[in-house]
Amino acid sequence: MFTFIIVVVAAVMTFFAVIGFLRVVRASVIILILLTTSLALLQAFGPRLIAIINRLWQFFMGGGLNALAGDGGRSLSEALSQPVKPPIDPNAPATFYLLTFYFIVLVALLIGSLKPFLLSGRFSFTGLLVGLINGYIVAAYSIAVLFPEFAVLPVPLPVKGMTPATPPQGLPLPGTEIVAARLLQFLDNLGSSPSAHFVVAGLIIVFIVLATRLSARKG
Amino acid sequence: MGPVEIVFVTVWIVFGIIGVARGLWRELGATTMLLIALLVLQLLTNPKAPGYNYWKLLLSLFVTDPAAYQPVTSIIATVFLLLMAFISYEGETLTFPGKGSNWFFSLGAGLLNGYLFAGSIWFYLDKAGWPGGLIGPPFTPFYTNVVKLLPLAVLPWWLLLILVVFMMIMRVLK
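Residues numbered from 1 in each chain as written. Chains lettered and ligands numbered in written order. Predicted model: local features only at pLDDT ≥ 70, side-chain atom pairs only at ≥ 80, totals over all residues. Heavy atoms only, no water.

Quick word on the overall build of chain B
In step 1: Along chain B, the regular secondary structure elements total 8 helices and 0 strands.
In step 2: Shown N-terminal to C-terminal, the secondary structure of chain B runs as helices and strands in the order α-α-α-α-α-α-α-α.
In step 3: For chain B, buried positions account for 53% of its 174 residues.
In step 4: Excluding contacts between residues fewer than 6 apart, the proportion of contacts in chain B whose partners are at least 24 apart in sequence is 82%.
In step 5: Total accessible area on chain B is roughly 7600 Å²; 73% of this is exposed by carbon and sulfur atoms. (Helix = DSSP H or I, 4+ residues; strand = E, 2+ residues; numbered from the N terminus. Buried < 20%, exposed > 50% of the residue type's maximum accessible area, 1.4 Å probe, protein only. Contact = heavy atoms within 4.5 Å. Areas by Shrake-Rupley, 256 points an atom, 1.4 Å probe, with all protein chains shown as cover.)

Now the structure itself:
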């Protein structure tokens, strides 16, 4: 399951990074502004938004329109006092917040794909960096809601009801997995070795020599 | 695996993909630039390097509290790395002369650049104790092992100098 989480995070971040890399940086900045603004609004006005939606729902489902039109014989106060199950539970708003957030993400992506932001023939490194931040934000909030037990990514703006109050500090690699244990052992041995710097520098040199010689031969 | 590792491994993978998109020869130019940036940083910010005393002298002009030296150094180093990466990747960039490319070596060069770039930022943020308060100990065994193998943890300034000279020679030889 944890491997799946890592794959999801990597995929989301890569997706947004590639978008930022292919489009000019403006697209990624617009997406970032929309994402952070929507989160700030959810943080400040989330409960009020839920109350309004629930109230509207009650109004429509309780026959509020008929009461307004005056043909149902029911007064407006009666319509608003009808027992109607609210569509959003104010005590568990995480799913609603996430769906609202995804809607903003979709809008942001659509705005980012408008003509002025499209690829102008040059890749953008700053677009890549901002895209990575966008991807991180989307991944962190998605995991906080969908997989709260794995919510190890810190979020920039905590939203009450959406993000955990005290996120887990980190999850160790499963100790039973032999490959992971061996990898850790290998990294530990290499890191503790006094010749680690020669090994790393040697690997870099060998790679550069092979890459330049073999690629040139193919060309 | 904790949040730091997840994010930095992802950045590393993204650099690999970017390497495939840009091609080997451009990536090698970025490698050279990043190695130069790391050499400058090691010469100035590593306490064992010859330039450290000058760096401390410079810092003391702006920072009065010696305890703040490391965080300030880390922030300056991170900004410097971002700037160097920007110069290396954006617009007209240093490119190795060469024809043809193959995706395997382009991917490898991209991953190498990701290791140099993301690994160095990780190194400095770790040194600064993760400013901002979002990240903190306890760290996972993976973190504690990898942090010993980050570029600036394993490559001293003289070895970086050798690597920069080697890259220059390879650039001329091509």
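Additional details are given in the paragraphs that follow.
Comments concerning the overall build of chain A
In step 1: On a plain count of helices and strands, chain A comes out with 8 helices and 0 strands.
In step 2: Out of the 219 residues in chain A, the part that is buried amounts to 40%.
In step 3: Of the roughly 12000 Å² of accessible surface on chain A, a fraction of 70% belongs to carbon and sulfur atoms.

Observations concerning the layout of surface pockets
In step 1: Looking at the second largest pocket, its volume works out to about 910 Å³.
In step 2: Ile133(A), Tyr136(A), Val7(B), Phe8(B) and Leu125(B) are the residues nearest the centre of the second largest pocket, which is lined by 27 residues in total.
In step 3: Counting only elements with at least two residues in the lining of the second largest pocket, the list comes to helix H2 (25–61) and helix H6 (125–146) of chain A together with helix H1 (3–22), helix H4 (69–89) and helix H5 (103–127) of chain B.
In step 4: Grouping the constituent residues of the lining of the second largest pocket by class yields 24 nonpolar, 3 polar and no charged. (1 Å grid on protein atoms, 1.4 Å probe; cavity = no way out; pocket = protein on both sides within 12 Å on 5 of 7 lines; lining within 4 Å. Points joined across faces, edges and corners; volume = space filled by probe spheres on them. Nonpolar A, V, L, I, M, F, W, Y, C, P; charged D, E, K, R; others polar.)

Thoughts on the interface of chain A and chain B
In step 1: Across the contact, 52 residues belong to chain A and 54 residues belong to chain B.
In step 2: Summing both sides of the interface, chain A and chain B together bury roughly 4600 Å²; the carbon and sulfur share of this comes to 81%.
In step 3: Linking chain A to chain B there are 0 salt bridges.
In step 4: Where chain A meets chain B, there are 1 residue pair in polar contact (both at pLDDT 80 or more). (Buried area = accessible area lost by both parts, 1.4 Å probe. Salt bridge = Lys/Arg side-chain N within 4 Å of Asp/Glu carboxyl O. Polar contact = N/O pair within 3.5 Å; in protein donor to acceptor, adjacent residues only side chain to side chain.)

A few points about the side chain of Glu27(B)
In step 1: Counting through the fold element by element, Glu27(B) comes out in helix H2 (residues 24–45).
In step 2: The residues touching Glu27(B), leaving out its near neighbours within four places in the chain, are Ile18(B), Gly19(B), Arg22(B), Tyr89(B), Ser106(B), Ala109(B), Gly110(B) and Asn113(B).

Description of the packing of aromatic side chains
In step 1: In this structure the tally under the stated criterion is 14 aromatic pairs over all chains.
In step 2: Between Phe96(A) and Tyr97(A) the ring centres are 6.0 Å apart and the planes differ by 45°, which places this aromatic pair in the tilted class. Tyr97(A) matches Phe96(A) in its accessibility class, with the two residues each being buried.
In step 3: Both rings, one in Phe8(B) and one in Trp130(B), keep their centres 6.4 Å apart while their planes meet at 65°; by these two values the pair is edge-to-face. Of this pair, Phe8(B) sits in helix H1 while Trp130(B) sits in the loop between H5 and helix H6 (141–146), and the two are 122 residues apart along the sequence.
In step 4: With a relative accessible area of 14%, Phe8(B) lands in the buried category.
In step 5: By relative accessible area, Trp130(B) is classed as buried at 10%.
In step 6: Three or more aromatic residues joined by ring pairs make a cluster, and in this case those are Phe8(B), Trp122(B), Trp130(B), Phe139(B) and Tyr143(B). (Phe/Tyr/Trp six-rings, centres within 6.5 Å; stacked < 30°, edge-to-face > 60°.)

Description of the side chain of Thr73(B)
In step 1: Note that Thr73(B) resides in helix H4.
In step 2: Among all residues touching Thr73(B), those that are not within four sequence positions of it are Thr45(B), Trp55(B) and Leu59(B).

Focus on the nonpolar core
Grouped burial of nonpolar side chains is what soluble globular proteins tend to show.
In step 1: With 102 residues, the main nonpolar core has Val9(A), Phe101(A), Tyr141(A), Met162(A), Ile208(A), Trp122(B) and Leu155(B) as its most contacted residues.
In step 2: Three or more residues apiece are contributed to this core by two domains, here domain 1 (2–171) and domain 2 (174–219) of chain A.
In step 3: Contacts of Phe101(A), omitting those with residues within four sequence positions, involve Leu35(A), Ser38(A), Leu39(A), Ile137(A), Val138(A), Tyr141(A) and Met162(A).
In step 4: The next biggest cluster of nonpolar side chains, apart from the first, holds 5 residues, and it includes Tyr52(B), Trp55(B), Leu59(B) and Tyr69(B). (Core = buried A, V, L, I, M, F, W, Y, C linked by side-chain atoms within 4.5 Å. Domains from an automatic or database assignment.)

Observations concerning the packing of H1(B) against H2(B)
Residue and element names in this part refer to chain B.
In step 1: In contact at an axis separation of 7 Å, H1 and H2 are set at 130° when each is read in the N-to-C sense. Classified by the interaxial angle, the pair formed by H1 and H2 is oblique. The segment H1 lies against H2, with Ile18, Gly19 and Arg22 engaging Arg26, Glu27 and Ala30.
In step 2: Of the residues that constitute the contact of H1 with H2, the class distribution is 2 nonpolar, 1 polar and 3 charged. (Axes fitted to C-alpha atoms, helices over the stretch in contact; angles between N-to-C directions. Parallel < 35°, antiparallel > 145°, perpendicular 65-115°, else oblique.)

Looking at a nonpolar patch on the surface
Residue and element names in this part refer to chain A.
In step 1: The grouping of Ile52, Leu56, Trp57, Phe60 and Met61 at the surface amounts to a nonpolar patch, some 510 Å² of accessible area in total.
In step 2: Counting through the fold element by element, Leu56 comes out in helix H2.
In step 3: Its relative accessible area of 45% is what places Leu56 among the partly exposed residues. (Patch = residues over 30% accessible without salt bridge, like charges linked within 9 Å, V, L, I, M, F, W, Y side chains within 5 Å.)

By themselves, these observations are geometric and do not establish any function.
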